[in-house]
Amino acid sequence: LETLGIRNISSTEEKWEGRPRVRRRRWDITSATPATYPMKNLPPEINLDEANMLSLRMRIEELNRRLSAAKLEMYDGEDRSPSPPPKYNPLTGKRTNTRDQRAREKLEWERQKLITEATNRNPHFKPPLDYKAPPRVRSAKLYIPQSQFPEYNFIGLIIGPRGNTQKRLEKETGAKISVRGRGSHKEGKRSKTGEGDDEELHVFLQADTQEALDKGVAVIKEILVPVDETTNEHKRMQLRELAEINGTLRDPSLMVDPNAPPQTWKPADVQCSICH
């Protein structure tokens, strides 16, 4: 064979000579399961776009079959990648990043990507019945002018007593509202996600619709405008709510107006009809 100019590539070393070795991982879904299928013996009337669409359908059906199984099928490779540090749900104590869960997340991500591509190629494409398109989350960021007004309690006006103001605003607007950045937490503490902790103090809003996001932005912008305490109706309502929570709120009907004129006492002319 060598005399004819043909090399013997039966040995492993010569077979891989000059080619980069790709380490195949057991849980690498992308490398183990290609996104397209080889199309053979196609009718001549099928064009390239139709063939690609057929390939997408076949792959989506394969992903549906694997995801619907109680036990996820795995492709065993030559090597096995090490598992990441375990993560647990603080409420249930169950692990949230097992090998099966991580593999399912990859397959779900691939299926979502392929369904989106198929919908763009063919508007009449119908996704699987159990498929739910992820909501398009819209977000906005409003910076708090704390450096310009260091004595003004912006965070308190947004959060409110026991967080009730924040919850009420989220319910009224439909947007999720959170305060992030330096100074949003006590010194030495960080948020659960750690997102935006190193940025300037700001309010982060998220919503599923643009209408809800616009409502939230309008409400927060109004709060971020400093108002004198004597005319700040928002703060007055918060103080009243706090007094109700603490049980120190007095009935306005029993309070004496200091500007009212003094009242004079007069005996009542009452006689008992029985004793009289």
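Residues numbered from 1 in each chain as written. Predicted model: local features only at pLDDT ≥ 70, side-chain atom pairs only at ≥ 80, totals over all residues. Heavy atoms only, no water.

## What to know about the packing of helix H3 (residues 48-68) against helix H4 (residues 99-121)
Next up, step 1: The N-to-C vectors of H3 and H4 enclose an angle of 150 degrees; their axes lie 10 Å apart at closest approach. By the angle between their directions, the pair H3 and H4 is classed as roughly antiparallel. Both H3 and H4 take part in a crossing whose hand is left-handed. In contact with Asp49, Asn52, Met53, Leu56, Arg59, Ile60, Leu63, Asn64, Arg66 and Leu67 of H3, H4 contributes Arg104, Leu107, Glu108, Glu110, Arg111, Leu114, Ile115, Glu117, Ala118 and Arg121.
Next up, step 2: Class assignment for the residues of the contact of H3 with H4 results in nine nonpolar, two polar and nine charged. (Axes fitted to C-alpha atoms, helices over the stretch in contact; angles between N-to-C directions. Helix = DSSP H or I, 4+ residues; strand = E, 2+ residues; numbered from the N terminus. Parallel < 35°, antiparallel > 145°, perpendicular 65-115°, else oblique. Left-handed = near helix turned anticlockwise from the far one by under 90°. Contact = heavy atoms within 4.5 Å. Nonpolar A, V, L, I, M, F, W, Y, C, P; charged D, E, K, R; others polar.)

## Points about the pattern of salt bridges
Next up, step 1: Applying the stated rule across the entire model yields 12 salt bridges.
Next up, step 2: A salt bridge links glutamate 62 to arginine 65; the nearest nitrogen and oxygen atoms lie 2.8 Å apart. In this pair, glutamate 62 and arginine 65 both sit in helix H3, three residues apart, roughly one turn of the helix.
Next up, step 3: Arginine 65 sits in the partly exposed class, given a relative accessible area of 39%. (Salt bridge = Lys/Arg side-chain N within 4 Å of Asp/Glu carboxyl O. Buried < 20%, exposed > 50% of the residue type's maximum accessible area, 1.4 Å probe, protein only.)

## A short note on the confidence of the model for the chain
Next up, step 1: Chain-level statistics for the chain give a pLDDT mean of 76 and a share of 72% at 70 or above.
Next up, step 2: Considering only residues more than four positions removed or in separate chains, one finds that residues 1-16, a stretch of pLDDT under 50, has seven contacts.
Next up, step 3: Within the model, the stretch residues 26-37 combines pLDDT values under 50 with 33 contacts to residues more than four positions away or in other chains. (pLDDT = per-residue confidence, 0-100.)

## Things to note about the pairing of strand E2 (residues 176-180)
Next up, step 1: Among the five residues of E2, four are classified as buried, and the element is accordingly described as predominantly covered.
Next up, step 2: Sheet topology places E2 next to strand E3 (residues 202-207); five bridges connect them, and they run antiparallel. Bridged to valine 179 within E3 is valine 203. (Pairing = 2+ DSSP bridges.)

## Re the packing of aromatic side chains
Next up, step 1: Scanning all chains against the criterion turns up two aromatic pairs.
Next up, step 2: With centroids separated by 6.4 Å and ring planes inclined at 65 degrees, the aromatic side chains of phenylalanine 149 and phenylalanine 154 adopt a geometry described as edge-to-face.
Next up, step 3: Its relative accessible area of 35% is what places phenylalanine 149 among the partly exposed residues.
Next up, step 4: Centroid distance tyrosine 152 to phenylalanine 154: 4.7 Å. Interplanar angle 55 degrees. Geometry classified as tilted. Across the pair, exposure class does not vary: tyrosine 152 and phenylalanine 154 are buried alike.
Next up, step 5: Here the aromatic cluster, defined as three or more aromatic residues joined through ring pairs, consists of Phe149, Tyr152 and Phe154.
Next up, step 6: In this arrangement the basic side chain of arginine 180 is found over the ring face of phenylalanine 204, its NZ or CZ atom lying 4.2 Å from the centre. (Phe/Tyr/Trp six-rings, centres within 6.5 Å; stacked < 30°, edge-to-face > 60°. Lys NZ or Arg CZ within 6 Å of the ring centre and 35° of its normal.)

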